[in-house]
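The lines below spell out each chain.
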Amino acid sequence: MSIIKKIVTFKPGFNLRVIVGLISVVGFLSACAIVGLGDLSKALGAQDAKYTARSIEAGAKVYFEQCARCHGADGKGIDSQGPALNSIAFLGKTDAGREVQKSQRILDIGWVGNLDSYIRAVTTSGIPLKSSNQWEVIHPAFGQAVGGNLRDDQITDVSRFILNWAQNPATSGTIDSPKPGAAFVPKPTSAPLTPEQEAGKAVFLKNGCNACHAIKGVAQGNIGPNLSAIGTDAAAIITAADYKASQGKATTVEEFINESITAPGVYIAAKCPTGACPANVMPPNFKTTIPDADIKSLVAYLVSLK
Amino acid sequence: MAIIGKRLVNQVKTTGLKATVAQRADETFQRLTTGLSWDDVRGILRGDPPPKPNPRVKPHTEGFWFHIRPTFYHEATTTLYPTFRLGLLSALFFAIEIITGIYLMIFYTPSPERAYSSMIDIITNVPFGMFVRDLHRLGAEVMVVVVTLHMLRTFITGSYKKPRQFTWFTGVVLLIMTLGLSFSGYLLPWDQLAFWAVTIGTSMADAAPGVGPTVNLLLRGAPDIGAGGLLRFYLLHVVLLPFIGIVFLAVHYYKVVRWGISLPPEMEAVGEDSARKVSPDKRVNFLPDIATNEIMYIAIAMAILAISCATWYRAPLETHSNPLVTPNHTVAPWYFYWLQGLLKIPHIIPFLPADIANGIDKFFANVIGITPKVLWGIIVGPLVFVALAVVPYVDPNPSRRYGQRKIMLTIGGLFTALILYLSLAGIPTGVPITGFGFVGGAPSAEIGQEFMPDEGDGNLMRIPFDQMVVGDYQVTADANVANAPELNAIIKELYYDMQRRMNTADPNGRKLSADTVAQVKIAEIQPDLKQITLVINYTDDQTSAAQEFSKFKFIHRDSEH
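So, how was this worked out
- Residues numbered from 1 in each chain as written.
- Chains lettered and ligands numbered in written order.
- Predicted model: local features only at pLDDT ≥ 70, side-chain atom pairs only at ≥ 80, totals over all residues.
- Heavy atoms only, no water.
- Helix = DSSP H or I, 4+ residues; strand = E, 2+ residues; numbered from the N terminus.
- Contact = heavy atoms within 4.5 Å.
- Areas by Shrake-Rupley, 256 points an atom, 1.4 Å probe, with all protein chains shown as cover.
- Lys, Arg positive; Asp, Glu negative; His and termini not counted.
- Charge placed at Lys NZ, Arg CZ, Asp CG, Glu CD.
- Salt bridge = Lys/Arg side-chain N within 4 Å of Asp/Glu carboxyl O.
- Buried < 20%, exposed > 50% of the residue type's maximum accessible area, 1.4 Å probe, protein only.
- Domains from an automatic or database assignment.
- Expected span 1.5 Å × (residues − 1).
- Phe/Tyr/Trp six-rings, centres within 6.5 Å; stacked < 30°, edge-to-face > 60°.
- Lys NZ or Arg CZ within 6 Å of the ring centre and 35° of its normal.
- Core = buried A, V, L, I, M, F, W, Y, C linked by side-chain atoms within 4.5 Å.
- Patch = residues over 30% accessible without salt bridge, like charges linked within 9 Å, V, L, I, M, F, W, Y side chains within 5 Å.
- Pairing = 2+ DSSP bridges.
- Buried area = accessible area lost by both parts, 1.4 Å probe.
- Polar contact = N/O pair within 3.5 Å; in protein donor to acceptor, adjacent residues only side chain to side chain.

(A) The arrangement of the overall build of chain A in detail. Helices and strands together make up the secondary structure of chain A, namely 13 helices and 6 strands. Dimensions of chain A, computed from C-alpha atoms along their principal axes, come out at roughly 120 × 45 × 35 Å. When contacts within chain A are restricted to residue pairs at least 6 apart in sequence, those whose partners lie at least 24 apart make up 54%. Counting only carbon and sulfur atoms, one obtains 60% of the accessible surface of chain A, whose full area is about 16,900 Å². For chain A, the distance from the average position of its 29 positive side-chain charges to the average position of its 24 negative side-chain charges is 13 Å.

(B) Molecular detail of the pattern of salt bridges. All names here are of chain B. Under the criterion given, the structure shown has 23 salt bridges over all chains. Between Asp134 and Arg314 there is a salt bridge, and its shortest N-O distance comes to 2.8 Å. In this pair, Asp134 sits in helix H9 (residues 129–156) while Arg314 sits in the loop between helix H14 (286–310) and helix H15 (337–343), placing the two residues 180 residues apart along the sequence. By relative accessible area, Arg314 is classed as partly exposed at 37%.

(C) Representation of the domain arrangement of chain A in the model. Structurally, chain A comprises domain 1 (46–167) and domain 2 (195–303). For domain 1 of chain A versus domain 2 of chain A, the distance between C-alpha centres works out to 42 Å.

(D) Region of interest: helix H10 (residues 165–186) of chain B. For H10(B), spanning 22 residues, the distance from its first C-alpha to its last is 32 Å, which sits close to the expected 32 Å at 1.5 Å a residue. In terms of burial, H10(B) is largely enclosed, as 16 of its 22 residues are buried.

(E) A look at helix H6 (residues 115–125) of chain A. All names here are of chain A. When H6 is considered as a whole, its buried residues turn out to be Leu115, Tyr118, Ile119, Val122, Thr123 and Thr124. Those residues of H6 that are buried lie in contact with helix H4 (88–91), helix H5 (104–109) and helix H7 (152–163). Positive phi shows up at Gly126, right after H6, with a value of about 90 degrees.

(F) Structural detail: the packing of aromatic side chains. Enumeration over the complete set of coordinates arrives at 32 aromatic pairs over all chains. Pairing A:Phe90 with A:Tyr118 gives two aromatic rings, centres 6.5 Å apart and planes at 50 degrees, and the pair type is tilted. In this pair, A:Phe90 is assigned in helix H4 and A:Tyr118 in helix H6, connecting sequence segments 28 residues apart. By relative accessible area, which is 9% here, A:Phe90 ends up buried. When its relative accessible area of 3% is taken as the criterion, A:Tyr118 is described as buried. Here the aromatic rings of A:Trp111 and A:Tyr118 are separated by 5.2 Å at their centres, their planes lie at 70 degrees, and the arrangement is edge-to-face. Through a chain of ring-to-ring contacts, the aromatic side chains of A:Tyr63, A:Phe64, A:Phe161, A:Trp165, B:Phe552 and B:Phe554 assemble into a single cluster. Sitting over the ring of B:Phe72, B:Arg283 keeps its end group 4.2 Å from the ring centre. When the ring centre of B:Phe155 is taken as origin, the NZ or CZ atom of B:Arg405, which lies over that ring, is 5.9 Å away.

(G) The nonpolar core, seen in detail. Residue and element names in this part refer to chain B. Within the largest apolar cluster, 78 residues are counted, with the highest numbers of intra-cluster contacts made by Phe336 and Trp338. Top contributing element to this core by residue count: H9, with 10 residues. In this structure, this core is formed jointly by two domains, domain 2 (78–266 + 287–310) and domain 3 (341–426), each of which donates at least three residues. Phe336 has contacts with Leu179 and Phe183, leaving out every residue within four places of it along the chain. Counting residues in each nonpolar core, the second largest holds 30 residues, with Phe451, Met452, Phe465 and Leu534 among its members.

(H) Highlighting the environment of A:Leu163. Residues and elements named next belong to chain A. For Leu163, the location among the structural elements is in helix H7. In this structure Leu163 comes out as partly exposed when scored by relative accessible area, which is 25%. Put simply, Leu163 and Gly92 are 71 residues apart on the chain and 9.8 Å apart in space, counted from C-alpha to C-alpha. Ignoring any residue separated from it by four or fewer positions in sequence, one finds Leu163 in contact with Leu91, Leu115, Asp116 and Ile119.

(I) Spotlight on a nonpolar patch on the surface. Residues and elements named next belong to chain B. Taken together, the side chains of Phe166, Phe169, Ile379, Leu383, Val386, Val390, Tyr393 and Val394 make up a nonpolar region of the molecular surface, amounting to roughly 670 Å² of accessible area. Only H10 and helix H17 (372–394) provide two or more residues apiece to the nonpolar patch. The element contributing the most residues to the nonpolar patch is H17, with 6 residues. Turning to its location among the elements, Val394 is positioned in helix H17. Judged by its relative accessible area of 56%, Val394 is exposed.

(J) View of the pairing of strand E6 (residues 546–556) of chain B. Residue and element names in this part refer to chain B. Here 11 bridges tie strand E5 (residues 529–539) to E6, and the two strands are oriented antiparallel to one another. Within E6, the residue paired with Tyr538 across the bridge is Gln547. Hairpin geometry of E5 and E6 is characterised by an intervening segment of 6 residues between the two adjacent antiparallel strands and by a positive phi of about 60 degrees at Ser544.

(K) Seen up close, the interface of chain B and chain A. Counting from both sides, the interface comprises 49 residues of chain B and, opposite them, 42 residues of chain A. Contact with chain A buries surface across chain B, with B:Thr124, B:Gln526 and B:Phe554 losing the most and accounting together for 15% of the total. On the surface where chain B and chain A come into contact, there are 2 salt bridges. Residue A:Arg54 is joined to B:Asp457 by a salt bridge in which the shortest nitrogen-to-oxygen separation is 4.0 Å. The interface formed by chain B and chain A contains 16 residue pairs in polar contact (both at pLDDT 80 or more).

(L) A look at the pairing of strand E4 (residues 517–526) of chain B. Residues and elements named next belong to chain B. Where strand E3 (residues 471–474) lies against E4, 4 bridges are found, and the strand directions are antiparallel. Residue pairing in the sheet places Tyr473 in a bridge with Val520 of E4. Inspection of the sheet shows E4 paired to E5 by 9 bridges, in the antiparallel sense. Residue Ile522 lies in a different strand from E5, and its bridge partner there is Ile532. Where E4 folds back onto E5 in an antiparallel hairpin, the turn is made up of 2 residues, including Asp528, whose phi is positive at roughly 65 degrees.

Put into structure tokens, the structure is as follows:
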């Protein structure tokens, strides 16, 4: 008990107070100095590296949840799904953070910013143009700002993860865009419709064609054949054997489309969205219900779909 | 200017240059020290006894900072007991929090888009940023401890009694402010820890009958915590609560000076307050004794705090908050464990059979019409502070002598023990003995949580990067991967952890099946990035079906887990 009493009634003398106080002040100042000198030299950099590393870890998680499905777990791309990211063509090459080979992708599309800003832009808002017709899947817009599910910091993380491949990008086995050896051809934006084609589009909608036929961006019908590229498809059909064996007499694309509208029974297309096309479903009386001028513009519109 | 110059010239002419300079220097010196001459200060620094009349009281009448301090203390209050300097330290930590807080405010933006990246900036790019954040966080936790001890000390020495009842009352308000400041600061880093701890805290307000949803909406600014909630907590943290705190601190301190620091109980006649009646031979002057004493304690506290933050202490920062993912084992801050324990009543009563406890739950829900959560968390929880606040007004005993306060000291002791027990019971691992409130899933998931937790670091993540040798490894007692001693050690640790879970049931009565096998898989994903996967194949103890548990983490070379 007497020890406890000594402790609780302890009263440091003046000299002791000054000495202990000074030692403590020196301790406090040296702790500050150690931190300060550390910050000046490389401690901040070490922290920077640590949190960049954790950002890459978080980015890996996002990549495997969202991106690997199309770009592949190894980042080498999946044919007809998504192009390679882990590729020397896409990433170029960096050595210790310094760019030693420029990204071909950036050069191809004439992107003004760097690869990081390109990756962020595409991840956030989707691909700005359908750069070649190699890819059927359009890049989704992942950014929360445009209705996606990734926060800005997650997009930063995933960009850091992708760029982490640039130290040693894959040089083979990658599905690059454009395909290796092929020239990069930006897909031309489709020409605007002529007044007659525009009128034909109105005829298409007014007469309910859209109930059964799909045209990309215009109609979603799924009973009859998809007409999104009928201008191209028709050219193939009229030379095909099964058409020649049918009662069809068309020799040009215009004639074929006209015939299909006015006499739908003569040739039944083979492929419809839900399987083989059914016969006797398309009304046979459009020749009488739609004025000839309207049919003409409708044909002109459909021919333009390629 | 001309007049001053003329006077100076005249003075030099009459007294000589040397005397003039000495006189002018002393004048300036006395202005700075509010009344102490150089000789006085030298006397103070040399520890000389004060001359008579004592010039060292001059700053107390001349200067603002000294005038709010008493000129002398009673000798009996200058030893470690009875104050233990806890009031001084509480004020010191409040000051540290304000200063470090202002520094952090410069670099912080209270918006969900920027808050977390502000934290990263503070840690990685702001000079002293991480240090100041560590000081702020550690200081806050220590402040809770110091304030609580300060109150406990005041209770034990009976210093809340007449005439200091209101001092005690303001002290209880300051305790609430301390907890409120600490809690409101919890949300600001906007990481998972912050987001979910505060979601849990505010959801308790939601359960309050009648006003609960409104209070919750006011706090969060929306049904869920988002931009509005973050801004509100920020404003609470940096404006409202500090403002109330400073106001009550001023009142509290004024009362302390007005009534003096209470003497040790045994030195006073019962019912008498003699702290202000100090005979001259018992007086200890503020200058230099009390001042140097305080400076010493402040210096020691600051040094310990600063050295801690420069060496071992790191304020936690988890991953960015994600409202869609609740990490396993989310907990409230430790100083609210007692409240969590309170919510588990009656299940925390030792040796109370579970049937009876469940019966009490049902009785509350069906007969009284409120759930125990509401009763204990919303009604009884705040009542604890009300009970504390009214202590001096309901304690009828005028005596401060320990021997004459057996009832009150017993109540105090039981109360302290109860709070400690409730805190223990509030820990997510469950109540001692009964294990009620144990938060845990299947044993396999618990292994995953222990070795690679959702947030924070586990042992599997701490293996040095170079020892994460790519390959698939069976978890056995004799793991033997070449050149990877730490990997082997962790695999062995995993093995023994599994053995333990096979042999002893957790508080929910669940065991790991005896046929369980586990694998650790390490794959290289990128340069400097590896994926470590834990796969556990077991037979589920509830459905008897073969199950596979798998969990993975990505580990970068520089991430320092």
